[in-house]
Amino acid sequence: MSINSLSRVFGILILIIGLLASTKPLHAQTVPEDTVLLYSYFTGNGEDGLHLAYSRDAYKWEALNEGESILTPTAGGVKLMRDPCIIRGGDGKFHMVWTVSWNEKGIGYASSEDLVNWSEQQFLPVMEHEEKALNSWAPEITYDEENDQYMIYWATTIPGRFPSTAGKGDDNYNHRMYYSVTSDFESFSETKLLYDQGFNVIDATVKPLEDQYVMFLKNETRWPPEKNLRVAFGESLTGPYGEASQPITGEYWAEGPTALKLGNRWIVYFDKYRQGQMGAVTSTDLENWQDISDKVSFPEGMRHGTIFKVSEEEFKQLQKNLSK
């Protein structure tokens, strides 16, 4: 083989190596070494309370506490614990909100320093002022670091509101997103409308994004069927948020999104509730999405919730506390 031929071969090999290096597998977007991901979730109808799963790579999720509940619900009349959302606040504590029933005008709230020992559960009557309100579903919390306060937000149907989309939801539900702000979970601002872009919407979750905020949400329209996840953007935490994107999920019905950013890659996990399984999509630009549901695994019977981070030390202590 001539020197020129060898040079061409080496050139091709270098090109191939470069291409392989630039197309890292999804798992190459690693979780920091001292970080463990936790996923709060519920099972069934939320009767037995809070469950936690963990992951070190964002793809394989395993149940903690042998899959048993770590907190029994006591707030509200029906006392469910669906859609548990846990965040770490500016005070270092873990704050949790959840859906207490299908048809009450408030949500559940509790806080904890170690995820095992929780404060007394409270019923927050966020929609009691609306006589016709039917529900308060899937509440979430986002911490506003700049103002050291929290936005709590949820979905509610108020019959007679938004008549242009009346009758397009399941059982006459016609949801919009509402919010209230608090700095101490004792006093709360007046409830206000958070998101209305002319369609039935639930299951919003908001994350900071450089100089704006990104909202992942579910188009809950039943007629004609949507039941997909979308993205919207706002310049401030409390909005306004713009028009929703095209669906980021597939032909299946999806709900309960929770979002994680690893490096430059976003992963949105969700509940394929008609199929009885969880799923995920990923993107580096929040515009082009790849379904990676076949690359992730979750505990059996897991329903949706939220992802948050703890340190390796905190995780070991959590395991120790749960084993007592």
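Use the structure listed above.
Residues numbered from 1 in each chain as written. Predicted model: local features only at pLDDT ≥ 70, side-chain atom pairs only at ≥ 80, totals over all residues. Heavy atoms only, no water.

Moving on to the sheet that holds strand β6 (residues 107–112). Reading across the sheet, the four strands line up as β4-β5-β6-β7 and stay open at both edges, with antiparallel pairing between neighbours. Single-partner strands in this sheet number two, and they are β4 (82–88) and β7 (122–124). Taken pair by pair, the neighbouring strands of this sheet meet at an average axis angle of 30°, ignoring direction. As judged from the six bridges shared by strand β5 (residues 94–99) and β6, these two strands associate in the antiparallel manner. Bridge pairing in β6 links methionine 96 to alanine 110. (Pairing = 2+ DSSP bridges. Helix = DSSP H or I, 4+ residues; strand = E, 2+ residues; numbered from the N terminus. Axes fitted to C-alpha atoms, helices over the stretch in contact; angles between N-to-C directions.)

Take the pairing of strand β2 (residues 51–55) next. In terms of burial, β2 is largely enclosed, as five of its five residues are buried. Direction of pairing for strand β1 (residues 35–41) relative to β2: antiparallel, over a ladder of five bridges. Following the sheet pairing, tyrosine 39 is matched in β2 by alanine 53. Bridge count between β2 and strand β3 (residues 62–63): two bridges; the pairing is antiparallel. Across the sheet, residue tyrosine 54 finds its bridge partner in β3, namely glutamate 62. Counted between consecutive antiparallel strands, the loop separating β2 from β3 contains six residues, among which alanine 58 sits at a positive phi close to 75°. (Buried < 20%, exposed > 50% of the residue type's maximum accessible area, 1.4 Å probe, protein only.)

Our next topic: the side chain of threonine 249. Mapped onto the elements of the fold, threonine 249 is located in the loop between β14 (228–234) and β15 (255–262). For threonine 249, the side chain forms a polar contact with the main-chain nitrogen of leucine 229, separated by 3.1 Å. Threonine 249 has contacts with Asn228, Leu229, Ala254 and Phe270, leaving out every residue within four places of it along the chain. (Polar contact = N/O pair within 3.5 Å; in protein donor to acceptor, adjacent residues only side chain to side chain. Contact = heavy atoms within 4.5 Å.)

Our focus in this paragraph is unusual backbone geometry. A cis amide bond, omega -10°, links tryptophan 223 with the succeeding residue proline 224. Note that proline 224 resides in the loop between β13 (212–219) and β14. Cis geometry is found at the peptide bond from glycine 239 to proline 240, where omega equals 5°. Relative to the assigned elements, proline 240 resides in the loop between β14 and β15. A positive phi angle, near 50°, is found at glutamate 210, a position not held by glycine. By secondary structure assignment, the location of glutamate 210 is in the loop between β12 (201–209) and β13. Overall, glutamate 210 belongs to the exposed group, its relative accessible area being 80%. Positive phi values are uncommon outside glycine, yet leucine 286 reaches one of about 65°. When its relative accessible area of 8% is taken as the criterion, leucine 286 is described as buried.

Moving on, we get to the sheet that holds strand β16 (residues 265–272). The antiparallel open sheet is built from four strands, whose spatial order is β15-β16-β17-β18. Edge strands, defined here as strands with exactly one partner in the open sheet, are β15 and β18 (290–291). Sheet analysis places β15 next to β16, joined by six bridges and oriented antiparallel. Counted as the bridge partner of threonine 258 is tyrosine 269 from β16.

Okay, the packing of aromatic side chains next. Summed over all chains, the structure comprises 17 aromatic pairs. Ring geometry for tyrosine 195 versus phenylalanine 199: centroids 6.1 Å apart, planes at 70°, classification edge-to-face. Judged by relative accessible area, which is 1%, tyrosine 195 ranks as buried. Note on phenylalanine 199: relative accessible area 12%, which makes it buried. Through a chain of ring-to-ring contacts, the aromatic side chains of Tyr39, Trp61, Tyr269 and Phe298 assemble into a single cluster. Residue placement shows arginine 222 over the ring face of tryptophan 223; its charged tip is 4.1 Å from the ring centre. For lysine 227, the ring lying beneath its charged end belongs to tryptophan 253, and the centroid distance is 5.3 Å. (Phe/Tyr/Trp six-rings, centres within 6.5 Å; stacked < 30°, edge-to-face > 60°. Lys NZ or Arg CZ within 6 Å of the ring centre and 35° of its normal.)

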